Every structure is written in structure tokens, then in C-alpha cells.
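Take a look at the letters that make up each chain.
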Amino acid sequence: MNKQPVISIASGKGGTGKTTVAVNLARVLGSPVQLLDCDVEEPNDHLFLNGAAQKEEIVVIPIPQVDESLCDGCAECGRFCQYHAIVSFGTKPLVFPDMCHGCGGCAKVCPKKAIREIDKRIGTVGTIMAENITLIQGRLDVGVAMAPPLIRAVKSRLRDDLPAILDAPPGTSCPVIATLRETDFTILVTEPTPFGLHDLTLAVDMIRELKVPFGVVVNRVGMGDDRVHVFCKEQNIPVLLEIPDDRRIAEAYSRGELIVNALPEYRGLFLSLIAKIMNLKNSGISVSTKEP
Ligand code: SF4
Ligand code: SF4
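The rules behind these values
- Residues numbered from 1 in each chain as written.
- Chains lettered and ligands numbered in written order.
- Predicted model: local features only at pLDDT ≥ 70, side-chain atom pairs only at ≥ 80, totals over all residues.
- Heavy atoms only, no water.
- Pairing = 2+ DSSP bridges.
- Helix = DSSP H or I, 4+ residues; strand = E, 2+ residues; numbered from the N terminus.
- Axes fitted to C-alpha atoms, helices over the stretch in contact; angles between N-to-C directions.
- Contact = heavy atoms within 4.5 Å.
- Salt bridge = Lys/Arg side-chain N within 4 Å of Asp/Glu carboxyl O.
- Buried < 20%, exposed > 50% of the residue type's maximum accessible area, 1.4 Å probe, protein only.
- Near = heavy atom within 4 Å.
- Nonpolar A, V, L, I, M, F, W, Y, C, P; charged D, E, K, R; others polar.
- Phe/Tyr/Trp six-rings, centres within 6.5 Å; stacked < 30°, edge-to-face > 60°.

One open sheet holds the 9 strands; their spatial order is S3-S6-S7-S2-S8-S1-S9-S10-S11, and the pairing between them is mixed. The open sheet has two edge strands with one neighbour each: strand S3 (52–66) and strand S11 (239–244). This sheet shows a mean twist of 20° between the axes of neighbouring strands, independent of strand direction. Here helix H7 (residues 227–234) sits on the sheet and contacts strand S9 (185–190), strand S10 (214–221) and S11; the angle it forms with S10, its principal contact strand, is near 165°. Along the sheet, helix H10 (residues 267–279) contacts strand S1 (6–10), S9, S10 and S11; its crossing angle with S11, the most-contacted strand, is approximately 170°.

Shown next, in the form of C-alpha cells:
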């Protein structure tokens, strides 16, 4: 079976409607789909899906522990670590577990084999079944700042035989890049305001660096101005969908309801988003959809 497409959904800032697009797109597909909530610091896709929790797994990363009886203070480990999570000044090294990404490099370069790895819990990955959607969500433990390893753990649960939608964290920082990397297509969600345009330009720069094909969804069309549309036209960026500034959408959102359930007239809008992505020459995406 051919590998199924992986579509990521991102936005340069929070509150633009990224989650709205992710959950409604997943539901309107109708056929089995994986929805990965990679916004591990604040996962909220589950709020819109009345599903049954299946299982929750603890995610750990390996962090170094130094055997002082073997260490000669050569400082190779500190020179290797680009995150400054292990530091030696010609002495036995200090380890800063909260800064460690668990890459295992320091243990490998230690000539004295003085470093062994111990597990440090960073969060959980849970699975929820909700009709056609298998929701896989990461949840970072309180006080843990290491989102990328947990996002990679969420993505490692992806099955090749089902299409997938990845809901990225907001912004353009490392957790976003960890989410978007190696996806087949990215939808950038924005709103027609000066702030929306500013954050969209940052997101466009990021996605071009990653060389992932992308298009834009403009949410709350009718408010603000046309600068986002002008920018997209100038940059030759496809506007895939315009979601109107409809008070009923905000009301459905505040009740934790999917737009496509509360306002069925919007089903066609979200189905057209899939069709437009498939029609883009550079997306290479083909997704089967099923009307209920
Ligand atoms: S495991 Fe990697 S990130 Fe952690 S201290 Fe060692 S080299 Fe640094
Ligand atoms: S590389 Fe190994 S021997 Fe050298 S300072 Fe680090 S732990 Fe000690």
C-alpha cells in the first residue's frame, strides 16, 4: 500500500484558528484518519472530539549520569554538547537535566566510558478514538521545557497506511519545526489583520526553509483588511480556504463543538480545502474523502 499523506497545520501565532481547521478537516474526511496533537504544552484537540481514551504511555528521554570514579575531567562531553547541558572545566562534569535533549552524544564521545544514561520522564502520549478519528496527543509534564523529543514521540506513533493531520504548536520555534519536518504539505492558518500578516510572513520564511509545500487558510474573513490576501498574491502563495467571520462559529467553538457538526453548511467549505490541496501540482497529495 502507498504511504498515506501527512498534512501539518501551523500558524505564526496562537488564536488564529489552527485547531479549528485541524479538527474539522479530520472529521469532514469521513474515512479513518490520524490526528496528531503536537501542541504538547497545551493540547486541546480532544476538547472537540467526544472520544474514548484508549491508552496513555509515559515518554522518557535518556539523560547522562557520570561515574566520577571513571571520569578524568577531560571535558570532551561538554565540548560535544551543543545545548550546554553537561559542562566540565577540567573537572568532573555538571549535568543540567532540564537542558538535556537526550541525544546520547556525550556518552558516545566519553573516552573513559564514564557516562551511563538514565531515564527522565518528560510527558505522556495518549490515544483517543473518536468516530473516524484516531487522536494521538502528547502532553508535556508541568515544568518540563523539552517539547521536541515529546513531539518526536507523538510522530513515531504515525501509521503509514492512514492519512494524518498534524496540529502544530503556534509560532516558528523548535517545537513547530519538529512537527512540520518531513510532512507532505503544510496549511498555514492566519487572520486578515496586521498581526496576522506579520506572523504569517515569519511562518512563510520558516516553511520555505523546510522546503515543505504549503498554502494558506484565512480565518475570520470580513474583519481586518486585505493585506494578507495582497501578500499571498505577491508571493504566489495559494489561498486555499477563507472562513468567514461568523459569530455562530465562535459560539460553536466556545461550546466545544465542531463547526461541521454545529453548522453543516460549512462541510462543503472544509471538503473544498482537501480538494484544493490535491489539485495543487506540487502537493503530490491524494486523500480519499467520504460524505456521511
Ligand atoms: S545527552 Fe545530548 S543533550 Fe544531553 S547532555 Fe548529553 S550531549 Fe547534551
Ligand atoms: S568525557 Fe567522560 S571522562 Fe571526559 S569529562 Fe566527560 S565524563 Fe569525564
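If you walk through the whole model with that rule in mind, you get 15 salt bridges. With a shortest N-O distance of 3.2 Å, Lys13 and Glu191 are connected by a salt bridge. Pair noted here: Lys13 is in the loop between S1 and helix H1 (18–29) and Glu191 is in the loop between S9 and helix H6 (194–210), with a separation of 178 residues, a long-range link. A salt bridge links Arg121 to Asp141, with the nearest nitrogen and oxygen atoms 2.7 Å apart. Remark: Asp141 occurs in the loop between strand S7 (133–140) and helix H4 (147–155) and Arg121 occurs in strand S6 (residues 115–130); sequence separation between them is 20 residues. Relative accessible area serves as the criterion here: at 40%, Arg121 is assigned to the partly exposed category. A network of salt bridges, in which partner residues are shared, links Lys13, Glu191 and Arg220.

What follows deals with the site of ligand 1. What surrounds ligand 1 is the set Pro64, Phe80, Cys81, Tyr83, Ala85, Ile86, Cys100, His101, Gly102, Cys103, Gly104 and Cys106. A per-class count over the shell around ligand 1 returns 9 nonpolar, 3 polar and no charged.

This brings us to the packing of aromatic side chains. In the structure shown here, the tally under the stated rule is 1 aromatic pair. Pairing Phe48 with Tyr253 gives two aromatic rings, centres 5.0 Å apart and planes at 40°, and the pair type is tilted. Placement of Phe48 in the loop between strand S2 (33–37) and S3 and of Tyr253 in helix H8 (residues 247–254) is noted, with a sequence separation of 205 residues between them. Classification of Phe48 by relative accessible area gives buried; the value is 9%.

On to the pairing of S7. For S7, a buried count of 7 out of 8 residues is recorded, marking the element as mostly surrounded by other parts of the structure. Pairing of S2 with S7, which is carried by 5 bridges, proceeds in the parallel orientation. In the strand pairing of S7, Val33 is matched with Ile133. Where S6 meets S7, 8 bridges bridge the pair, whose relative direction is antiparallel. For Met129, the partnering residue across the bridge sits in S7 and is Thr134. Linking S6 to S7, which pair antiparallel, is a turn of 2 residues; within it Glu131 sits at a positive phi near 55°.

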